[in-house]
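Structural overview for review
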Amino acid sequence: MSEPFSVPVTVRGYETDVQGHLNQSVYLNYAEHARWSLLRAAGISQSALIGSGVGPVALETTIRYKRELLAGDEVEVTCAFAWGEGKTFRIGQTVRKTDGTVAAEITAVGGLMDLKARKLVTGPQEYFRKLASEPGVLGL
C-alpha cells in the first residue's frame, strides 16, 4: 500500500444517532470524502475520469468499528490504494481521533467501469496514472 493520505473531519451533531454516536452510514461518507480528496490531490477530477470514459465503482466495503465517535470529535480519515493485477484494487482507510485512538477501519475493493461497455476495465492503475499529475499520491 502507498503512504496513507488523510483529511480532517469534525463530527457534526446531525450525523449522530439516538445514542449520540456517529451514525454507521456516515462512516461511508467520510471514507468517500477521503477517496475523492486523494484523487484531487493526485490531480484527478471527477470530470476528467468521466471524460476519459471511466468511473470508479465500489465492489465491496467492510467497516470495523473500534471506538465511538461523538458530535464535536475531530478525526483524520486516511486513504491508501493497493494495486494488484487484473481489474480491481484495494483501498485501506482508518478513522482516527486526534489523540491517536482508532475509531474505525475501512477496507474496500474497487474498480473502474468503462461507462459505455458497463464493464470493469483491466489495469485500472494505468488509467489513474495517465490522468494524475501527481501519481505518487496514489502509490503509482
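Note that this is a predicted model, so its numbers are computed, not measured.

Rules of the game
Residues numbered from 1 in each chain as written. Predicted model: local features only at pLDDT ≥ 70, side-chain atom pairs only at ≥ 80, totals over all residues. Heavy atoms only, no water. 1 Å grid on protein atoms, 1.4 Å probe; cavity = no way out; pocket = protein on both sides within 12 Å on 5 of 7 lines; lining within 4 Å. Points joined across faces, edges and corners; volume = space filled by probe spheres on them. Helix = DSSP H or I, 4+ residues; strand = E, 2+ residues; numbered from the N terminus. Nonpolar A, V, L, I, M, F, W, Y, C, P; charged D, E, K, R; others polar. Salt bridge = Lys/Arg side-chain N within 4 Å of Asp/Glu carboxyl O. Buried < 20%, exposed > 50% of the residue type's maximum accessible area, 1.4 Å probe, protein only. Phe/Tyr/Trp six-rings, centres within 6.5 Å; stacked < 30°, edge-to-face > 60°. Pairing = 2+ DSSP bridges.

Turning our attention to the layout of surface pockets. Quantified by volume, the largest pocket comes out at close to 210 Å³. Along the wall of the largest pocket there are 14 residues; nearest its centre are Glu32, Arg35, Pro56, Val57 and Ile91. Contributing elements (two or more residues each) for the lining of the largest pocket: α1 (24–41), β2 (54–65), β4 (88–97) and β5 (102–114). Here the lining of the largest pocket gets four residues from one element, more than from any other, and that element is α1. Here the lining of the largest pocket is composed, by residue class, of 11 nonpolar, one polar and two charged.

Here the focus is the environment of Leu28. Relative to the elements of secondary structure, Leu28 occurs in helix α1. Residues Leu28 and Ser6 lie 22 residues apart in sequence; the distance between their C-alpha atoms is 15 Å.

All right, on to the pattern of salt bridges then. One pass over the full model with this rule turns up five salt bridges. Here Glu32 and Arg35 are joined by a salt bridge, their closest N and O atoms 3.4 Å apart. With Glu32 and Arg35 both in helix α1 and three residues apart, the pair spans about one turn of that helix. Note on Glu32: relative accessible area 35%, which makes it partly exposed. Taking the shortest distance from any N to any O, the salt bridge between Glu105 and Lys66 comes out at 3.9 Å. Residue Glu105 is found in strand β5, and its partner Lys66 is found in the loop between β2 and β3 (74–83); the two are separated by 39 residues along the sequence. Residue classification places Lys66 among the partly exposed positions, given a relative accessible area of 37%.

Moving on: the packing of aromatic side chains. For the structure on display, the rule yields seven aromatic pairs. Centroid distance Trp83 to Phe89: 5.2 Å. Interplanar angle 50°. Geometry classified as tilted. Overall, Trp83 belongs to the partly exposed group, its relative accessible area being 22%. Note on Trp83 and Phe128: the rings are 5.6 Å apart at their centroids and 55° apart in plane angle, and the pair reads as tilted. Taken together, the residues Trp83 in strand β3 and Phe128 in helix α3 (residues 124–131) connect sequence positions 45 residues apart. Three or more aromatic residues link up through ring pairs in this structure, and these residues are Phe81, Trp83, Phe89 and Phe128.

Moving on, we come to the pairing of β3. Pairing analysis gives six bridges linking strand β1 (residues 5–10) to β3, with the strands arranged antiparallel. Considered in β3, the bridge of Val7 is made with Val77. Where β3 and β4 come together, seven bridges link them in antiparallel fashion. Considered in β4, the bridge of Phe81 is made with Ile91. Turn length for the β3-β4 hairpin, with the two strands adjacent in sequence and antiparallel, is four residues, and the turn residue Gly86 shows positive phi of about 90°.

Remember that the coordinates give geometry; whether it matters functionally is a separate question.
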